[in-house]
Amino acid sequence: MLEIEIDGKQLQVPDGSTVMEAATKVGAYVPHFCYHKKLSIAANCRMCLVQVEKAPKPLPACATPVTNGMKVWTHSEQAVKAQKGVMEFLLINHPLDCPICDQGGECQLQDLSVGYGGTESRYQEEKRVVGNKDLGPLVSTDMTRCINCTRCVRFTSEIAGLMELGQAFRGEHAEIMPFVEKTIETELSGNIIDLCPVGALTSKPFRFGARAWELSRRKSVSPHDSLGSNLVVQVKHDTVKRVLPLENEAVNECWLSDKDRFSYDALNSADRLTRPMLKQGGNWIETDWQTAIEYVANGLKSIKADHGAEAIGALASPHSTLEELNLLQSLVRGLGSGNVDFRLRQSDFSLDGQRAGAPWLGMPVADIGSLDRLFIVGSFFRKDHPLIAQRVRQAAKRGLKISAVNPAFDDWQLNLTNKAIVAPSGIPAFLASVVKALAAEKELSLSGPAADVCSGLDVSESALAIARSLASGRKTAVWLGNFAVQHEQAGLIHVLASEVARLAGAKLGVIGEAANSVGGYLAGAVPFVGDVKGKNVSEMLASKIKAYLLLGFEPSLDMAAGATALSSIREAEMVAALSPFKSAELMEVADVLLPIAPFTETAGTFVNCEGRAQSFFPVVKSLGESRPGWKALRVLGSTLGLSDFSFETVEDVRALMAPVFSGDVSGLSNDVGAKLEKLPGKSAAIERVADVPIYFADPIARRAAPLQQTVDATAPVARMNPRTADALGLKVGGKVKVSSAAGSAVVALVEDAGVAEGCVRLAAAHSSTAQLGSWHGEISVEQV
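Residues numbered from 1 in each chain as written. Predicted model: local features only at pLDDT ≥ 70, side-chain atom pairs only at ≥ 80, totals over all residues. Heavy atoms only, no water.

Engineer: Any chance you could break down the pairing of strand E7 (residues 165-168) for me, citing the residues and the numbers?
Structural biologist: Across four bridges, the pairing between E7 and strand E8 (residues 175-178) is antiparallel. In the strand pairing of E8, Gly166 is matched with Met177. Hairpin connection of E7 to E8: six residues between the antiparallel strands, including Phe169 at a positive phi of 70°. (Pairing = 2+ DSSP bridges. Helix = DSSP H or I, 4+ residues; strand = E, 2+ residues; numbered from the N terminus.)

Spelled out as structure tokens, the structure:
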């Protein structure tokens, strides 16, 4: 620790600290533009000049390291004179058009110019003008306002992982620009809007939508991926106008993914369901809530009387709130059925009843930076979990060695120490070979079943390299991604990953797909808990049950079975869908549509991947006659005459799950009681690799127009290794017909060396590929 005096105040700071960090500790504000605590030091705006004892001239506080006994004055006459001089230079070419600037009212330059700017400009020459740049559908530019702080440049290269912006030319000709004919394509691009201290980079969807002082600011939680990013939702006239990050170092730091930031556009889309609707004689009519609820209640009672309670089932989106999931399973079990499931995209349920608790990350998100070895199994990591990937990217700079196995890789924008591209059917055998190699490296014996499984395996060089990397780690983690959880052999992959983690002394984690991938288990929305056991989602579809309650999803896009699932639901006698949106397929299969509120219009809780329960409240009034989902389920339960449905407030519902909110993680566990089984053989046929593109992942993201204009929302194409395409005689760039047992899709064929041989990567959760049915298994490909 070093002694330093700032503005007469003595303090101690760690060796290596800067004057800026020391000033922050003592509460002395130093004006700045280019400095940001999460970015590297640039020291190019010079606004943070301060007086340092014995220094011949003012020094930049952001780039000056603390020395023992240093004395600093942040607001001395010399410092203020230097700061005012810098401000005058910054304003020389800046357009003084604050009233029409979209940043007006929340502009750092505007604020600081009040204290450090002159009353009039001494610069009489013509000001320079800089042409605007096309950065894509999310970020708008007014580059004449740019003060070249380079925050955006440093963000794209350091945080997002790829330099998509740069500074060209010198002196007063310097410009920030993207590379030739390129837009910004990172899934974190919206953060440069927050970072820009002036009006050069602003939100294109929000542009000229409202003034900063007209907006109410309310806290919320993201309903998308499993991180549960904290949000500030800005509202005007009961309409969501903008979403910004709420800083929380333990969760999302000060960042947001574009999906979290811009998906609000869907909340007032033309697809919003605003009144209950009934299907009568094949036609849809609007009705009132009481009629619709009574229709559902009478239908459920009738089916229970005719076919028994086991003919009733409920399927829920993992993006539903904890309260909705809890009441849904209580309602179904109150009717005498155990058929309830929220794991819509899973195919293998062999671990049901054998789990010790809810699958979770196995560690706090904030501890990711302390890992030195990480093995990721089955994940399209960067797009599935953009902000967790950002944390891993920063940890990699500090020495984290990352290994990964997946059937297809795109650019994760981080350095992978070991990368194994393995066909889906080969992943279990690959993990078993890692187990065998790891046991040899650590000189540990394998258990009987593990020894039997691994005995005849050949260990590949990539498996050996991963084993050696894990064996050399001190703080290690093994993570299962979305693809591993949705795999047809997910149970076996989990058991093998557990064995890898045991041998490596690592923490086993499941990253989780959605906002309540953990919460669904804790709420009991699975068929193997409680007194009444039932069928999982796959068994429900196969047995063609008679009545479905659908909560918050669209079957062909949000279920692993795709169009096959839609076909099974279509054959039910009664289908009631609770949804914020109406869609063609829901209107085709459902008999009644109940409009429930999205996350901005309801109170609820999401439990993120680390087991953190984060509650939120509505930020705007419900649109039309839509109602919070928990209220709709409460009234339905009361109408059915079920006990324990007399809740008055959302807090009453939460009280049923008190341990979830206590911070106790005892209900979370990745331990399973399953034994290792015989490894499946690798398929000789062409296998499908189905990823879920980031902006197709849930109903809200799919309806956000700005997100659907991005590169990540382009229509799916068949991606194939060039060697596989050559072997099949397929012409890259042409159209191909991809066929499965359920149906076919015609898409463009693209060459991709990152796809395993013998596989076709074809995205799911999109209308153009839904007719293929299953996301997994064998397919055929032919030229069109």
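Okay, back to it.
Engineer: A description of empty space enclosed by the protein should follow, citing residues and the corresponding values.
Structural biologist: In total, this model carries four cavities of 30 Å³ or more according to the counting rule given. When its volume is computed, the largest cavity comes out at roughly 390 Å³. What lines the largest cavity is a set of 31 residues, and nearest its centre among them are Arg343, Gln346, Val485, Glu513 and Tyr521. Contributing elements (two or more residues each) for the lining of the largest cavity: helix H14 (482-486) and helix H15 (490-504). With four residues, H14 is the single largest residue contributor to the lining of the largest cavity. Here the lining of the largest cavity is composed, by residue class, of 14 nonpolar, ten polar and seven charged. Each pocket or cavity is described by its volume, and for the second largest cavity that value is around 270 Å³. (1 Å grid on protein atoms, 1.4 Å probe; cavity = no way out; pocket = protein on both sides within 12 Å on 5 of 7 lines; lining within 4 Å. Points joined across faces, edges and corners; volume = space filled by probe spheres on them. Nonpolar A, V, L, I, M, F, W, Y, C, P; charged D, E, K, R; others polar.)

Engineer: Would you mind going over the pattern of salt bridges in detail, with residue names and values included?
Structural biologist: Counted under the stated rule, the structure contains 37 salt bridges. Across the pair Asp194 and Arg261 runs a salt bridge, and its minimum N-O distance is 2.7 Å. You can see Asp194 sitting in helix H5 (residues 191-195) and its partner Arg261 sitting in helix H6 (residues 258-262), a full 67 residues away along the chain. What makes Asp194 partly exposed here is its relative accessible area of 31%. Given the relative accessible area of 3%, Arg261 is considered buried. (Salt bridge = Lys/Arg side-chain N within 4 Å of Asp/Glu carboxyl O. Buried < 20%, exposed > 50% of the residue type's maximum accessible area, 1.4 Å probe, protein only.)

Engineer: An account of the side chain of Asn482 is requested, with residue identities and associated values reported.
Structural biologist: With respect to the secondary-structure elements, Asn482 resides in helix H14. When residues no more than four places from it in sequence are discounted, the contact partners of Asn482 are Gly378, Asp384, His385, Gly512 and Glu513. (Contact = heavy atoms within 4.5 Å.)

Engineer: Explain helix H3 (residues 108-116) residue by residue, including any values.
Structural biologist: Considered for burial, the residues of H3 that qualify are Gln108, Leu109, Leu112 and Tyr116. The buried residues of H3 all sit within an arc of 85° when viewed along its axis, so they share a single face. If you follow the buried residues of H3, they end up packed against helix H2 (77-92) and helix H4 (151-158). (Arc of directions from axis to C-beta.)

Engineer: Tell me what's going on with the sheet that holds strand E27 (residues 686-689), and back it up with residues and numbers.
Structural biologist: Judged by pairing direction, the barrel is mixed, and its six strands sit side by side in the order E27-E31-E28-E30-E29-E32 before closing back on the first. With direction set aside, neighbouring strand axes in the sheet form an average angle of 45°. Note that strand E29 (residues 735-739) and strand E30 (residues 744-751) share five bridges and pair antiparallel. Within E30, the position partnered with Val736 by the bridge is Val747. (Axes fitted to C-alpha atoms, helices over the stretch in contact; angles between N-to-C directions.)

Engineer: Account for helix H7 (residues 289-307), with residues named and values stated.
Structural biologist: It helps to recall that an α-helix has 3.6 residues per turn; residues three or four apart then point in one direction. The first and last C-alpha atoms of H7 sit 27 Å apart over 19 residues, in line with the 27 Å expected at 1.5 Å per residue. Within H7, burial applies to Trp289, Ala292, Ile293, Val296, Ala297, Gly299, Leu300 and Ile303. Around the axis of H7, the buried residues are gathered within 160° of arc, so they sit on the same side. In this structure, H7 carries Gln290, Ala305 and Asp306 as exposed residues pointing more than 90 degrees from its buried face. Check the buried side of H7 and you find it contacts strand E15 (312-316), strand E22 (547-551), strand E23 (574-579), strand E24 (592-595) and helix H21 (629-639). Capping the start of H7 is the job of one residue whose side-chain oxygen sits 3.1 Å from the backbone nitrogen of Gln290: Asp288. Two residues or fewer after H7 comes Gly308, characterised by a positive phi angle close to 90°. (Expected span 1.5 Å × (residues − 1). Polar contact = N/O pair within 3.5 Å; in protein donor to acceptor, adjacent residues only side chain to side chain.)

Engineer: Outline the packing of aromatic side chains, supporting the account with residue identities and numerical values.
Structural biologist: Taken as a whole and assessed by the stated rule, the structure comprises nine aromatic pairs. Note on Phe342 and Tyr521: the rings are 5.4 Å apart at their centroids and 90° apart in plane angle, and the pair reads as edge-to-face. Highlighted residues: Phe342 in the loop between strand E16 (340-341) and strand E17 (373-377) and Tyr521 in helix H16 (residues 519-522), separated in sequence by 179 residues. Across this residue pair, the class does not change: Phe342 and Tyr521 are buried. When the ring of Phe381 is compared with that of Trp479, the centres are 6.3 Å apart and the planes differ by 50°; the resulting orientation is tilted. Taken together, the positions of Phe381 in helix H9 (residues 381-384) and Trp479 in strand E20 (residues 476-480) put the pair 98 residues apart, joining distant regions of the chain. Here the aromatic cluster, defined as three or more aromatic residues joined through ring pairs, consists of Phe381, Phe409, Trp412 and Trp479. Of note, Arg242 hangs over the ring of Phe206, and the distance from its end group to the ring centre comes to 4.4 Å. (Phe/Tyr/Trp six-rings, centres within 6.5 Å; stacked < 30°, edge-to-face > 60°. Lys NZ or Arg CZ within 6 Å of the ring centre and 35° of its normal.)

Engineer: Describe in detail the sheet that holds strand E1 (residues 2-6), supporting the description with residues and values.
Structural biologist: Spatial strand order, E2-E1-E5-E3-E4: five strands in an open sheet with mixed pairing. The sheet is open, and its two borders are formed by strand E2 (9-13) and strand E4 (59-60), each paired with just one other strand. Across two bridges, strand E3 (residues 49-52) lies against E4 in antiparallel orientation. Residue pairing for E4: Val50 is matched across the bridge by Leu59. On top of the sheet, helix H1 (residues 19-26) reaches E1, E2, E3 and strand E5 (70-73); it is set at about 120° to E2, its chief contact. Where H2 meets the sheet, it contacts E3 and E5, and its direction lies at approximately 160° from that of E3.

Engineer: Could you give an account of unusual backbone geometry, with specific residues and numbers?
Structural biologist: As a rule of thumb, non-glycine residues mostly have phi less than zero, and peptide bonds are mostly trans rather than cis. With a phi angle near 75°, Lys54 is a residue other than glycine that sits in the positive phi range. Not every positive phi belongs to a glycine, and Gln413 is a case in point at roughly 55°. With respect to the helices, strands and loops of the structure, Gln413 is situated in the loop between strand E18 (401-406) and strand E19 (418-421).

Engineer: Could you give an account of the nonpolar core, with specific residues and numbers?
Structural biologist: Of all hydrophobic cores here, the largest spans 99 residues; its most connected members are Phe33, Phe155, Phe381, Val392 and Trp479. The biggest single contributor to this core is helix H10 (residues 386-397), with five residues. In this view, Val392 contacts Ile368, Leu374, Phe381, Leu400, Ile402, Leu414 and Trp479; residues no more than four positions away in its chain are not counted. Ranked by size, the runner-up nonpolar core spans 53 residues in total, among them Val340, Phe528, Trp630 and Leu642. (Core = buried A, V, L, I, M, F, W, Y, C linked by side-chain atoms within 4.5 Å.)

Engineer: Residues and numbers for the side chain of Ser140, please.
Structural biologist: Its place among the elements puts Ser140 in strand E6 (residues 139-141). What makes Ser140 buried here is its relative accessible area of 7%. One polar contact links Ser140 to Arg207, side chain to side chain, over a distance of 3.2 Å. Other than its neighbours up to four places away in sequence, Ser140 contacts Ala200, Leu201, Thr202, Lys204 and Arg207.

Engineer: Please give an account of the state of the cysteines that cites residues and values.
Structural biologist: Put plainly, two cysteines are in a disulfide when a covalent bond ties their sulfur atoms together. Across all of its chains, the model carries zero disulfides by this definition. Cys146 takes part in no disulfide bond, and the closest cysteine sulfur to it belongs to Cys152, at a distance of 6.4 Å. (Disulfide = S-S within 2.5 Å.)

Engineer: Tell me what's going on with the packing of helix H8 (residues 322-334) against H21, and back it up with residues and numbers.
Structural biologist: As a packed pair, H8 and H21 sit with axes 8 Å apart at the nearest point and diverge in direction by 15°. Looking at the two axes, H8 sits roughly parallel to H21. For the crossing formed where H8 meets H21, the hand is left-handed. Contacts from Glu323, Glu324, Leu327, Leu328 and Leu331 of H8 reach H21 at Gly629, Trp630, Leu633, Arg634, Leu636 and Gly637. Residue composition of the contact of H8 with H21, grouped by class: six nonpolar, two polar and three charged. (Parallel < 35°, antiparallel > 145°, perpendicular 65-115°, else oblique. Left-handed = near helix turned anticlockwise from the far one by under 90°.)

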